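Structural characterization, general
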Amino acid sequence: MTSAMAVAIAAIAVASCDNSPKFQLTGNITQAKDSVLYLDHMALDGVKVIDSLKLDDDGAFSFSINAPKDAPEFYRLRIYNQIINVAVDSTETITVKADYKNMAGGYNVEGNDDCQRIKELTIKQMDLQARAQQVASDPRMTGDMPGDSIFRMLNTYKDEVCRDYIYKNPLHASSYFALFQGIAVNRSYINIFDPQRHLDDVRPFQAVATSWKQQYPEDLRAQNLETIALEGVKTKRIVEKQNQGFEIDPEKVSEVSLIDVPLPDATGRIRHLTELKGKVVLLDFHVFADENSPARIMMLRELYNKYHDRGLEFYQVSLDQDDHFWKTQTDALPWINVRDDGHTSLFYLNSAEKVPCSFIISRDNEVVMSAKQIKNLETDIAKYL
């Protein structure tokens, strides 16, 4: 038996013994006969080619890969510089169909909703890329005009992506994907979200990091997100203090920060947690339709009356579906009441075991106690007044 034959037989034996759960990635890439289609794993430590095949007339392909164990993983189909990104979180079958000429943005994908959202984000990114390059190449743009215009484009893009994807559900793989998008302008690569350079970008990283860390505590991506978010928070605190004329040691910057929850009160006014800086805030999530609601509201009213004059404020988020019922239940309550009928509060609720639940926010607008950490609500609040 030749050595080559021995290696081949050994490889077949190993493959046949691999009983790990699989996900299937199948489909067709037309007008790409004889092209090599690569399947890359977008790992944290770099891009790794894990499989490839040469396409026939119909462009059919099928890859069978070990399913993720702890959290969603990211892959891409690639022919030359044409790329399709996909996210995988189970033993599902994902089907992709495309024409090679329009592969990057004109493909169809089925079997995973996150892959569809990633496609939407990719198309938005491609549009942003084209508009930014057009501005950068416009001879009428002089001085700081190109940079200022592209900066405004980036901010508009980030606002839309945060609203429609990241804050809507930070646990989605597509929300993670959005954080690491970028564009190339005049051969310079720009990270769309960059918490080290743009302090407002810390918040979306915090939102996704909080959700992923809670759902996938052992996952390396979740840990990496948390590190990026915490470093961004430190940078933000340092800059804020320096702008106030203070010198600050980076090692002493707090790692706990606030994620805002902008929601409407009964009059339609959008209320923000950040507007309550200077007060100790009880961020409370409540369902007025619950049978235990009256007793809990009575307990909270006593607490509010006792400590409000010392700087305690309540920001109570109702999760009731009935808007009219919520308004009637909160009409006589003295504290801030808002209602969340969507997903604005998910990055807090994902870290709580049940509703109702509360979080304590210090006068510096920092979350100092989570729902799981509070043992005695009155005693714990009193520590920060």
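Residues numbered from 1 in each chain as written. Predicted model: local features only at pLDDT ≥ 70, side-chain atom pairs only at ≥ 80, totals over all residues. Heavy atoms only, no water.

**Examining the pattern of salt bridges**
The tally for this structure, following the rule as stated, stands at 18 salt bridges. A salt bridge links lysine 213 to glutamate 226, with the shortest nitrogen-to-oxygen separation between them at 3.7 Å. Within this pair, whereas lysine 213 is found in helix 6 (residues 202-215), its partner glutamate 226 is found in helix 7 (residues 220-243), the two being separated by 13 residues in sequence. As a salt-bridge pair, arginine 271 and glutamate 275 come within 2.9 Å of each other at their nearest N and O atoms. The class for glutamate 275 is partly exposed, based on a relative accessible area of 35%. (Salt bridge = Lys/Arg side-chain N within 4 Å of Asp/Glu carboxyl O. Helix = DSSP H or I, 4+ residues; strand = E, 2+ residues; numbered from the N terminus. Buried < 20%, exposed > 50% of the residue type's maximum accessible area, 1.4 Å probe, protein only.)

**Notes on the packing of aromatic side chains**
Under the definition given, this model contains eleven aromatic pairs. Taking 5.2 Å as the distance between ring centres and 50 degrees as the angle between the ring planes, the aromatic pair formed by phenylalanine 23 and tyrosine 75 counts as tilted. With a gap of 52 residues between them, phenylalanine 23 in strand 1 (residues 22-30) and tyrosine 75 in strand 5 (residues 73-79) connect regions that are remote in the sequence. Judged by its relative accessible area of 0%, phenylalanine 23 falls in the buried class. With a centroid separation of 5.0 Å and an interplanar angle of 45 degrees, the aromatic rings of tyrosine 176 and phenylalanine 180 are classed as tilted. Residue phenylalanine 180 is classed as partly exposed on the basis of its relative accessible area, which comes to 37%. Taken together through their ring pairs, the aromatic side chains of Phe74, Tyr176, Phe180, Phe205, Trp212 and Tyr216 make up a single cluster. Lying over the aromatic face of tyrosine 107, lysine 119 brings its terminal NZ or CZ to 5.5 Å of the ring centre. (Phe/Tyr/Trp six-rings, centres within 6.5 Å; stacked < 30°, edge-to-face > 60°. Lys NZ or Arg CZ within 6 Å of the ring centre and 35° of its normal.)

**Digging into the nonpolar core**
Ranked by size, the top nonpolar core spans 33 residues in total, and within it Phe74, Val161, Ile166, Phe193, Trp212 and Leu225 carry the most contacts. Those elements that place two or more of their residues in this core are helix 3 (113-137), helix 4 (145-166), helix 5 (173-179), strand 9 (182-185), helix 6 and helix 7. Aside from chain neighbours lying at most four places away, what touches isoleucine 166 is Val161, Ser175, Ala178, Leu179, Phe193, Pro204 and Val208. Of all hydrophobic cores here, the second largest spans 23 residues; its members include Leu25, Ile29, Ile84 and Val96. (Core = buried A, V, L, I, M, F, W, Y, C linked by side-chain atoms within 4.5 Å. Contact = heavy atoms within 4.5 Å.)

**A word on helix 4**
Note that an α-helix has 3.6 residues per turn; residues three or four places apart therefore point the same way. An ideal rise of 1.5 Å per residue puts 32 Å on 22 residues; helix 4 measures up with 30 Å between its terminal C-alpha atoms. What helix 4 keeps buried is the set Pro146, Ser149, Ile150, Met153, Leu154, Tyr157, Lys158, Val161, Cys162, Tyr165 and Ile166. Buried residues in helix 4 make contact with helix 3, helix 5, strand 9, strand 10 (188-191) and helix 6. (Expected span 1.5 Å × (residues − 1).)

**Brief notes about the sheet that holds strand 13 (residues 280-286)**
Spatially, the five strands line up as an open sheet ordered 15-14-13-16-17, and their pairing is mixed. Edge positions in the open sheet fall to strand 15 (336-339) and strand 17 (367-369), since each of these has one partner strand only. Averaged over all adjacent pairs, the angle separating strand axes in this sheet is 30 degrees, with direction ignored. By the bridge criterion, seven bridges tie strand 13 to strand 14 (residues 312-318) in an arrangement that is parallel. Residue leucine 282 lies in a different strand from strand 14, and its bridge partner there is phenylalanine 314. This element, helix 8 (residues 293-307), spans strand 13, strand 14 and strand 16 (357-361) of the sheet and lies at about 155 degrees to strand 14. Most of the contacts of helix 9 (residues 323-330) go to strand 15, to which it runs at about 170 degrees, and overall it touches strand 14 and strand 15. (Pairing = 2+ DSSP bridges. Axes fitted to C-alpha atoms, helices over the stretch in contact; angles between N-to-C directions.)

**Side note on the packing of helix 3 against helix 4**
At their nearest, the axes of helix 3 and helix 4 sit 9 Å apart, and the two run at 170 degrees to each other. Relative to helix 4, the element helix 3 lies roughly antiparallel. Residues Arg117, Glu120, Leu121, Lys124, Gln125, Leu128, Arg131, Ala132, Val135 and Ala136 of helix 3 form the contact with helix 4, whose participating residues are Pro146, Ser149, Ile150, Met153, Leu154, Tyr157, Val161 and Tyr165. Each residue belonging to the contact of helix 3 with helix 4 can be placed in one class, and the counts come to twelve nonpolar, two polar and four charged. (Parallel < 35°, antiparallel > 145°, perpendicular 65-115°, else oblique. Nonpolar A, V, L, I, M, F, W, Y, C, P; charged D, E, K, R; others polar.)

**Overview of the side chain of glutamine 181**
Within the secondary structure, glutamine 181 is located in the loop between helix 5 and strand 9. A polar atom in the side chain of glutamine 181 sits 3.3 Å from the side chain of glutamine 125. Residues in contact with glutamine 181, not counting those within four places in the same chain, are Leu121, Thr122, Gln125, Tyr157, Tyr189, Ile190, Asn191, Ile192 and Phe193. (Polar contact = N/O pair within 3.5 Å; in protein donor to acceptor, adjacent residues only side chain to side chain.)

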